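Chain and residue survey
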Amino acid sequence: LAKTTQPISMDSYEGQEVNITCSHNNIATNDYITWYQQFPSQGPRFIIQGYKTKVTNEVASLFIPADRKSSTLSLPRVSLSDTAVYYCLVGDAAGNKLTFGGGTRVLVKP
Amino acid sequence: NAGVTQTPKFQVLKTGQSMTLQCAQDMNHEYMSWYRQDPGMGLRLIHYSVGAGITDQGEVPNGYNVSRSTTEDFPLRLLSAAPSQTSVYFCASSPRDSHYNEQFFGPGTRLTVL
């Protein structure tokens, strides 16, 4: 199982870009990298998924280096409503034991 | 679509009682899972299923049973509740074409065991 390590918390200000890096040194060839956002008292919500290089959607970008031992979630121009916990998940395509890491608590200040 | 629904939203049990947490999804997803989240902590996988009739254990399966008789439903049974099982329980489902990694979560069930 690929274990993930993320910073416990990060502070930012409105309008700034936030980059959260997740370390997954023992990622397997058939593992995918997925990021989730969770607000208090809610279930996690899917943000973005990737396998290698760069993926971008309407809310975030995901950067994955060639060795795939880490990944960086980039949130452009954050607002107060982006204050949440962000989780990195590494799991295989068969869905075996998809395990969340500890998450990164992001606080966006005015 | 209702997505993933969970009942009840809140539950208080006494030590030793049993109960079933219900989870249903209407998206025809093959994969379903149960997680627990203790206060201020991350999610821990209890059990999961890659299709009807197939279940497997996650990180913390002790004290819980699951079954998957239909694609839509994935109930979680607490056999004999203990205070250590006080937690928020989330059910999730995922389609095969996301490699099962894009999970859709329900609103959660807050369980307190006295």
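Notes on the structure in this doc start here. (Residues numbered from 1 in each chain as written. Chains lettered and ligands numbered in written order. Predicted model: local features only at pLDDT ≥ 70, side-chain atom pairs only at ≥ 80, totals over all residues. Heavy atoms only, no water.)

**Observations concerning the nonpolar core**
- Grouped together as the largest cluster of nonpolar side chains are 20 residues, with contacts concentrated most on Ile20(A), Ile33(A), Trp35(A), Ile47(A), Leu73(A), Leu75(A) and Tyr86(A).
- If you list the elements that add at least two residues to this core, you get strand 2 (18-23), strand 3 (31-38), strand 4 (45-50), strand 6 (61-64), strand 7 (70-75), strand 8 (84-92) and strand 10 (104-109) of chain A.
- Tallying contributions element by element places strand 8 of chain A first for this core, with 4 residues.
- Val4(B), Met19(B), Val66(B) and Leu111(B) belong to the second largest nonpolar core, which has 18 residues in total. (Core = buried A, V, L, I, M, F, W, Y, C linked by side-chain atoms within 4.5 Å. Buried < 20%, exposed > 50% of the residue type's maximum accessible area, 1.4 Å probe, protein only. Helix = DSSP H or I, 4+ residues; strand = E, 2+ residues; numbered from the N terminus.)

**Topic: the interface of chain B and chain A**
- Contact with chain B, which involves 24 residues of that partner, is made by 26 residues of chain A.
- Interface area for chain B against chain A, summed over the two sides, is near 1800 Å², with a carbon-plus-sulfur share of 51%.
- If you sort the residues of chain B by the area they bury against chain A, Leu43(B), His99(B) and Asn101(B) come out on top, with a joint share of 32%.
- For the pair chain B and chain A, the interface holds 0 salt bridges. (Contact = heavy atoms within 4.5 Å. Buried area = accessible area lost by both parts, 1.4 Å probe. Salt bridge = Lys/Arg side-chain N within 4 Å of Asp/Glu carboxyl O.)

**Some words on the sheet that holds strand 7 (residues 64-66) of chain B**
Residue and element names in this part refer to chain B.
- Strand order in the open sheet made by the 4 strands is 1-3-8-7, with antiparallel pairing throughout. Every other strand in the sheet has two partners, leaving strand 1 (4-7) and strand 7 as the edge strands with one partner each. Shown here is a sheet whose adjacent strand axes are inclined to one another by a mean of 20°, direction ignored.
- Both strand 3 (residues 19-25) and strand 8 (residues 76-78) contribute to a ladder of 3 bridges, which runs antiparallel. Bridge pairing in strand 8 places Leu21 opposite Leu76. (Pairing = 2+ DSSP bridges. Axes fitted to C-alpha atoms, helices over the stretch in contact; angles between N-to-C directions.)

**Observations concerning the pairing of strand 10 of chain A**
All names here are of chain A.
- Only one face of strand 10 is covered, namely the one carrying Thr104, Val106 and Val108; the face carrying Arg105, Leu107 and Lys109 has none of its residues buried.
- Sheet topology note: the strand 1 (residues 9-13)/strand 10 ladder contains 5 bridges and is parallel. Pairing of Asp11 across the sheet is with Leu107, part of strand 10.
- With 3 bridges connecting them, strand 8 and strand 10 associate as antiparallel partners. By the bridge assignment, Val85 is partnered in strand 10 with Arg105.

**Let's talk about the packing of aromatic side chains**
- All told, the structure shown has 11 aromatic pairs over all chains when counted by the stated rule.
- Relative to Tyr35(B), the ring of Phe100(A) has its centre 5.3 Å away and its plane inclined at 85°; by these criteria the two rings are edge-to-face. Placement of the pair is Phe100(A) in strand 9 (residues 99-100) and Tyr35(B) in strand 4 (residues 31-37), with the two residues belonging to separate chains. Here Phe100(A) matches Tyr35(B) in class, with each residue buried. (Phe/Tyr/Trp six-rings, centres within 6.5 Å; stacked < 30°, edge-to-face > 60°.)

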